[in-house]
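What follows is the residue order along each chain.
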Amino acid sequence: MTLDDAGSKPDSPLATEWRASPNHGPRQGVDRPDLLLLHYTGMASTDEAIEWLCDPARGVSAHYVVREDGRILQLVAESRRAWHAGVSSWAGVQDINSRSIGIEIANPGHDHGYPAFPEVQIAAVIALCRDIVARHAIAPARVLAHSDVAPLRKSDPGEKFPWDALHRAGIGHLVAEEPPTDGRYFMRGEHGQPIEALQAMLAYYGYDVPVNGSFCAHTEAVVTAFQRHFRRSRVDGIADVSTLATLYRLCASRTGSAPPDGA
Ligand SMILES: [Zn+2]
């Protein structure tokens, strides 16, 4: 137990259990989090995932875990830098852990069948997000997926996570997705100005992507991450008309002004 953990009460009144993880440190260069990062646990057993997040040998943690039945545990004080994001980047900032609060949502993930998130669990996630966003004044467009900030390494919480339900509850930034159709599209291996425009829009929104007109493996991973969050009906890494239209709408609606280069 560190001093911060000693005698702690959960920061959120919604957390019913405090289970102190040693895996945290001081926030660097910021006093308050301004980003909320959502994960899934990605392990077959939720209890084992919680053990993992509290094991000093693992060196990973999160501020909260939301179990399948909606019960919420806190592992790390919100004032502390929990170790959940790993090597990450968003809007030019690499130390996402210092800037964020991390929530692990219990789900076995893509490697273990990836079941749907139960409604009772999503209701708890929404309530917890609302509480955190309100207390820290976190902007809607800074409620993100782990896959958004680490697209080459991570796919959580994944395309089954109901971002639309969160958005209806006032959490996060989302636009109606343009339905996928057949037709003109860009994919890995292509080059040219339209690819550069796509990359510029992704970078403008916050994704860490090269803007060089080359649809490389990195660009494909970022397009896939974008789709997992914002165009969930088809996740294939191909920038089709629906992906481009949804991305353009997303960029335009965040700022109220047109994003760079059009599309
Ligand atoms: Zn994660």
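The model shown is predicted, which means the values in this text are computed figures rather than measured ones.

Colleague: Help me get a handle on the coordination of the zinc ion, residues and values and all.
Modeller: Ligation of the zinc ion by protein atoms is provided by His-39 (ND1), His-146 (ND1) and Asp-156 (OD), these donors lying 2.1 Å from the ion. Sequence positions of the donors to the zinc ion reduce to the motif H-x106-H-x9-D. Residue His-146 is located in helix H4 (residues 146-149), and its partner Asp-156 is located in the loop between H4 and helix H5 (163-168); the two are separated by 10 residues in the primary sequence. When sorted by exposure, His-146 lands in the same class as Asp-156, which is buried.

Colleague: For the domain arrangement of the protein, give the residues involved together with the corresponding values.
Modeller: Split by domain assignment, the protein resolves into domain 1 (3-168) and domain 2 (185-255). A separation of 26 Å is found between the C-alpha centroids of domain 1 and domain 2. For the pairing of domain 1 and domain 2, the buried interface totals around 1,400 Å² over both sides, and the portion due to carbon and sulfur atoms is 59%. Counting across the domain 1 and domain 2 interface gives 2 salt bridges. In this structure, Asp-164 and Arg-232 form a salt bridge, with 3.0 Å as the shortest nitrogen-oxygen distance. At the surface where domain 1 touches domain 2, the tally comes to 7 residue pairs in polar contact (both at pLDDT 80 or more). Looking at the side of domain 1 that touches domain 2, the elements with two or more residues in it are strand S8 (143-145), H4 and H5. When its residues are assigned to classes, the side of domain 1 that touches domain 2 shows 11 nonpolar, 5 polar and 4 charged.

Colleague: Account for helix H6 (residues 193-205), naming residues and giving values.
Modeller: Residue pairs three or four apart in sequence face the same way in an α-helix, which turns once every 3.6 residues. End to end, H6 covers 19 Å across 13 residues, agreeing with the expected 18 Å (1.5 Å per residue, within 8%). Buried residues of H6: Ile-195, Ala-197, Leu-198, Gln-199, Ala-200, Met-201, Leu-202 and Tyr-205, and no others. The first or second residue beyond H6 is Gly-206, which carries a positive phi of 135°.

Colleague: Pulling in residues and values, what's your account of the packing of aromatic side chains?
Modeller: In this structure the tally under the stated criterion is 8 aromatic pairs. Arranged with centres 4.9 Å apart and planes meeting at 75°, the rings of Phe-161 and Trp-163 form a pair that is edge-to-face. Taking relative accessible area as the criterion, Phe-161 reaches 0% and is therefore assigned buried. Looking at Trp-163, the relative accessible area reads 4%, which means it is buried. Ring pairing ties together the aromatic residues Tyr-40, Tyr-114, Phe-117, Phe-161 and Trp-163, which thus form one cluster. Sitting over the face of the ring of Trp-52, Arg-58 holds its NZ or CZ atom 3.8 Å from the ring centroid.

Calculation notes
- Residues numbered from 1 in each chain as written.
- Predicted model: local features only at pLDDT ≥ 70, side-chain atom pairs only at ≥ 80, totals over all residues.
- Heavy atoms only, no water.
- Donors = N, O, S within 2.8 Å, 3.2 Å for Na, K, Ca; no water.
- Helix = DSSP H or I, 4+ residues; strand = E, 2+ residues; numbered from the N terminus.
- Buried < 20%, exposed > 50% of the residue type's maximum accessible area, 1.4 Å probe, protein only.
- Domains from an automatic or database assignment.
- Buried area = accessible area lost by both parts, 1.4 Å probe.
- Salt bridge = Lys/Arg side-chain N within 4 Å of Asp/Glu carboxyl O.
- Polar contact = N/O pair within 3.5 Å; in protein donor to acceptor, adjacent residues only side chain to side chain.
- Nonpolar A, V, L, I, M, F, W, Y, C, P; charged D, E, K, R; others polar.
- Expected span 1.5 Å × (residues − 1).
- Phe/Tyr/Trp six-rings, centres within 6.5 Å; stacked < 30°, edge-to-face > 60°.
- Lys NZ or Arg CZ within 6 Å of the ring centre and 35° of its normal.

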